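Fold and contact review
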Amino acid sequence: MYRFGFILAAFILLCAPALAQDELNSKGEPVHRSQQNAPVDLKKGEKITRGAELANNVKRVKVEKALSNPTEYADKTVEVEGIIVRSCKTEGCWMEMADKEGGRSVRVTFGDHAFFIPLNAAGMKVKAQGVFKTKILPKDKVDHLINDDGAVFENRNPDGSVTEVSFDATGVVLTKTE
């Protein structure tokens with residue numbers, strides 16, 4: 001009996017550090033948890049803001065229009081409005097938004113994790129300000145976004161990378177619709 005107790009105690013001591021570690025993503029980085037990305041329970045019409053306050057008199061553009069000619073809007077601050085199609089399920093560090101349900105979507109990032117949105121933000125109405133960017137995401141980043149966060153990419157390059165038009169938001173306003 002003493003032997004069993006000793007083995008059990010040794011097992012617990014060896015496993016405790018592994019159990020106490022923070023949750024890690026597929027890149028081996030700690031998952032960020034905060035009040036910003038905690039799920040919210042909003043009433044219909046209720047709003048929350050993340051990031052910088054939205055400015056007045058910013059040119060508005062439809063997501064579909066910007067995606068059809070991204071160079072026209074590259075590095076120009078614009079405002080887009082629509083619905084959150086999906087969002088990061090791990091940290092709330094990105095979302096995909098479209099002008100309307102079933103429309104063509106764009107992945108929206110928030111600087112270098114400058115702010116986060118609630119993990120249950122999918123389905124909310126969103127107004128965002130920022131800039132459109134075109135960049136190549138390497139295969140490991142694409143795999144991380146798909147495997148950890150549920151991202152969807154229409155076309156992958158032969159090497160597994162993705163040429164992506166994205167929107168880098170400086171601020172967002174989310175509104176509960178139902």
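Numbering of residues begins from 1 in every chain and follows the order in which that chain's sequence is written. Confidence filtering applies because this is a predicted model: local features only for residues at pLDDT of at least 70, side-chain atom pairs given and counted only at 80 or more, and all residues used for totals across whole chains, interfaces and linings. Processing note: side-chain calculations cover all non-hydrogen atoms of the structure and skip hydrogens and water entirely.

Re the overall build of the protein chain
Think of it this way: any DSSP run of H or I at least four residues long counts as a helix, any run of E at least two long counts as a strand, and we number them from the N terminus. Along the protein chain, the regular secondary structure elements total 4 helices and 6 strands. Buried, partly exposed and exposed residues are distinguished by accessible area as a fraction of the type maximum, computed with a 1.4 Å probe on protein chains only: under 20%, between the cut-offs, and over 50%, respectively. Burial analysis of the protein chain (178 residues in total) assigns 38% to the buried set. If you take every contact in the protein chain between residues at least 6 apart in sequence, the share linking residues at least 24 apart comes to 71%. The Shrake-Rupley method, run with a 1.4 Å probe sphere, supplies the accessible areas, and residue values consider only the shown protein chains as cover. As presented, the protein chain carries roughly 10800 Å² of accessible surface, and 53% of it is formed by carbon and sulfur atoms. Contacts: residue pairs with any heavy atoms within 4.5 Å of one another.

Some remarks on the pairing of strand β4 (residues 105–109)
Across the 5 residues that make up β4, a large majority, 4, are buried. DSSP-based pairing: two strands are paired if at least 2 bridges between them are found. Both strand β3 (residues 94–98) and β4 contribute to a ladder of 5 bridges, which runs antiparallel. Considered in β4, the bridge of Trp94 is made with Thr109. Count of turn residues in the β3/β4 antiparallel hairpin: 6 residues, of which Gly102 carries a positive phi of about 85 degrees. Taken together, the 3 bridges between β4 and strand β6 (residues 162–175) define a ladder with parallel strand orientation. By the bridge assignment for β6, Arg107 is matched with Ser166.

Concerning the pairing of β6
For β6, a buried count of 11 out of 14 residues is recorded, marking the element as mostly surrounded by other parts of the structure. Where strand β5 (residues 125–137) lies against β6, 13 bridges are found, and the strand directions are antiparallel. Residue Gln129 lies in a different strand from β6, and its bridge partner there is Gly171.

Description of the nonpolar core
As a rule of thumb, nonpolar side chains are buried together in soluble globular proteins. Counting residues in each nonpolar core, the largest one holds 26 residues, and the members touching the most others are Met95, Phe132, Phe167, Val172 and Leu174. Those elements giving two or more residues to this core turn out to be α2 (63–68), β2 (78–87), β3, β4, β5 and β6. Counting residues per element, this core draws most heavily on β6, at 4 residues. Leave out the neighbours within four places in its chain, and Val172 touches Ile48, Thr49, Arg50, Ala52, Leu54, Met95, Phe110, Phe115, Ile117, Val126, Lys127 and Ala128. Counting residues in hydrophobic clusters, the runner-up holds 10 residues, among them Cys93, Phe116, Leu145 and Phe153. By nonpolar core is meant a set of buried Ala, Val, Leu, Ile, Met, Phe, Trp, Tyr and Cys residues that side-chain atoms within 4.5 Å join together.

Comments concerning the pattern of salt bridges
Put simply, a salt bridge is a Lys or Arg side-chain nitrogen that is within 4 Å of an Asp or Glu carboxyl oxygen. For the structure on display, the rule yields 7 salt bridges. One salt bridge connects Lys125 with Glu81, and the closest N-O pair in it is separated by 3.4 Å. A residue pair is termed long-range when its members are at least 10 positions apart, and Lys125 in strand β5 and Glu81 in strand β2 qualify at 44 residues. The class for Lys125 is partly exposed, based on a relative accessible area of 39%. You can call Glu81 partly exposed: its relative accessible area is 32%. The network of salt bridges with common partners includes Lys139, Asp143 and Arg156.

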